[in-house]
Amino acid sequence: SKMKYKQHLTENIAPEYGPEPYLAYGELDDIIRQLSSKAPASADQVSRAVSISAPPPTNARGLPTMSSAEFTDENFFSKMDSELTKVEKHTLEVVTDLRAQIREIEDELQDFDLINDQTTVDRIQAETDAIAEKFLTLEKYVNLNFMGFHKILKKHDKYCPGNPCKTFYVSRMHSQAWVRGDYSDVVVRLSAIYSALRDDTAAEESQDASQSFLRSTAKYWIKTEDISRVKYAVLRHLPVFLQKTSTGESDSQLCNSVYLENDQLELYHNRLDKTPGAIALRLRWYGSGDPDVVFVERKTHRDRWTGETSVKERFAVRCL
């Protein structure tokens, strides 16, 4: 229920933030209650004159024909605007501070070869751990507020159907930096720091393997709100795999796939049944927008118990 969410929000406030940066869910909820309980009677559609020295007119039930409510929808909209601005401002301030802290560690690691003191290494590791935890706290903050805005907007449109606004504000949220912002650079830079502390060495990429390679994979379904925490758990032990994108290197990117099939859905059913030798044919490209390169891929399934391994083969087609 809505009250349960209000309690959930209160119980999950980060102590280092305090309640102020969070969505004022209770205040918005109070405005909605005022609006829904003081809905005016229908206004007089006939009279063309008013008096500013006489009491306002009433209808047959003695109710005012114009709203005398303390709150109007404009109060709700104004509060929504200020809350969205507040959450975005706090998010950007925290991210900016985290990036500055990461830069300090990166500068110190420039002379890492000269650091042979384990105490110094342990200190850098502890500082990096603290930055990562702050980043995870921020992501939880963003998710709590994002869900809270959705819930309070849904409640507004339910109890104040005369002025629905959820569609407008949800669209606006998705255009704001605190929702659409990509802060994966923080993850990549943290990974590089942990890699330096472990003294990792880079493996050479085989050009042949990039186009045709044996497959042995395990895939996991991770909740959106847990992605950064899982990334962090992995990068403390292994460096992230950087992929080249249109805007540089990233630890993740949008993957687009178009599977080829006949009218019997033969390839689909064979893959679903894991028939030995089942194949999948697809076109794949990465990133948003029109691709520069599209891969034509063929995946062939082999049962592991036969001693054979599944294979993915592909070639690139450059778009004109």
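Predicted model, so just to flag it, every value in this text is computed and none were measured.

Peer 1: Could you clarify how one ought to interpret the environment of Asp 73 in this entry?
Peer 2: Here Asp 73 shows up in helix H3 (residues 73-109). Spatially, the C-alpha atoms of Asp 73 and Ile 32 are 8.5 Å apart, while their sequence positions differ by 41 residues. Not counting residues within four places of it along the chain, the set of residues in contact with Asp 73 comprises Leu 35, His 156, Cys 160 and Asn 163.

Peer 1: What is the right way to read the packing of helix H2 (residues 25-37) against helix H4 (residues 118-159) from this model?
Peer 2: Two packed helices can be described by the angle between their axes and the distance between those axes. Taken N-terminus to C-terminus, the directions of H2 and H4 make an angle of 5 degrees; their axes are 10 Å apart at the nearest point. In this view, H2 runs roughly parallel relative to H4, as classed from their interaxial angle. Contact with H2, carried on its side by Tyr 25, Leu 28, Asp 29, Ile 32, Arg 33 and Ser 36, involves Gly 148, Lys 151, Ile 152, Lys 155, His 156 and Tyr 159 of H4 and no other residues of that element. Residue classes in the contact of H2 with H4 are distributed as five nonpolar, three polar and four charged.

Peer 1: I would appreciate a short explanation of H4 in the present structure.
Peer 2: For H4, built from 42 residues, the straight-helix expectation of 62 Å at 1.5 Å per residue is met to within 8% by its first-to-last C-alpha distance of 62 Å. Among the residues of H4, the N-terminal cap falls to Asp 117, whose side-chain oxygen and the backbone nitrogen of Thr 119 are separated by 3.0 Å.

Peer 1: Is there a simple way to think about the pairing of strand S6 (residues 293-300) in this case?
Peer 2: Remember that side chains alternate between the two faces of the sheet whenever the strand is regular. Sheet topology note: the strand S5 (residues 279-286)/S6 ladder contains six bridges and is antiparallel. Opposite Arg 282, over in S6, you have Glu 297 as the bridge partner. Linking two consecutive strands that pair antiparallel, namely S5 and S6, is a turn of six residues; a positive phi of about 90 degrees is found at Gly 287 within it. Across eight bridges, S6 lies against strand S7 (residues 310-318) in antiparallel orientation. Counted as the bridge partner of Phe 295 is Ala 316 from S7.

Peer 1: Can you walk me through the packing of aromatic side chains in this structure?
Peer 2: When we look at a pair of aromatic rings, we describe it by the centre distance and by the angle of the planes. Considering all chains together, one arrives at 11 aromatic pairs under this definition. Considering the side-chain rings of Tyr 17 and Tyr 22, the 6.4 Å spacing of their centres and the 45 degrees angle between planes classify their relative orientation as tilted. Like Tyr 22, Tyr 17 is buried. Look at Phe 149 and Trp 178: their rings are 5.9 Å apart centre to centre, the planes differ by 55 degrees, and that puts the pair in the tilted class. Of this pair, Phe 149 sits in helix H4 while Trp 178 is found in helix H6 (residues 177-180), placing the two residues 29 residues apart along the sequence. The residues Phe 149 and Trp 178 share a single accessibility class, namely buried. Each member of the aromatic cluster is reached from another via a ring pair, and the members are Phe 76, Phe 77, Phe 168 and Tyr 169.

The rules we used
Residues numbered from 1 in each chain as written. Predicted model: local features only at pLDDT ≥ 70, side-chain atom pairs only at ≥ 80, totals over all residues. Heavy atoms only, no water. Helix = DSSP H or I, 4+ residues; strand = E, 2+ residues; numbered from the N terminus. Contact = heavy atoms within 4.5 Å. Axes fitted to C-alpha atoms, helices over the stretch in contact; angles between N-to-C directions. Parallel < 35°, antiparallel > 145°, perpendicular 65-115°, else oblique. Nonpolar A, V, L, I, M, F, W, Y, C, P; charged D, E, K, R; others polar. Expected span 1.5 Å × (residues − 1). Polar contact = N/O pair within 3.5 Å; in protein donor to acceptor, adjacent residues only side chain to side chain. Pairing = 2+ DSSP bridges. Phe/Tyr/Trp six-rings, centres within 6.5 Å; stacked < 30°, edge-to-face > 60°. Buried < 20%, exposed > 50% of the residue type's maximum accessible area, 1.4 Å probe, protein only.

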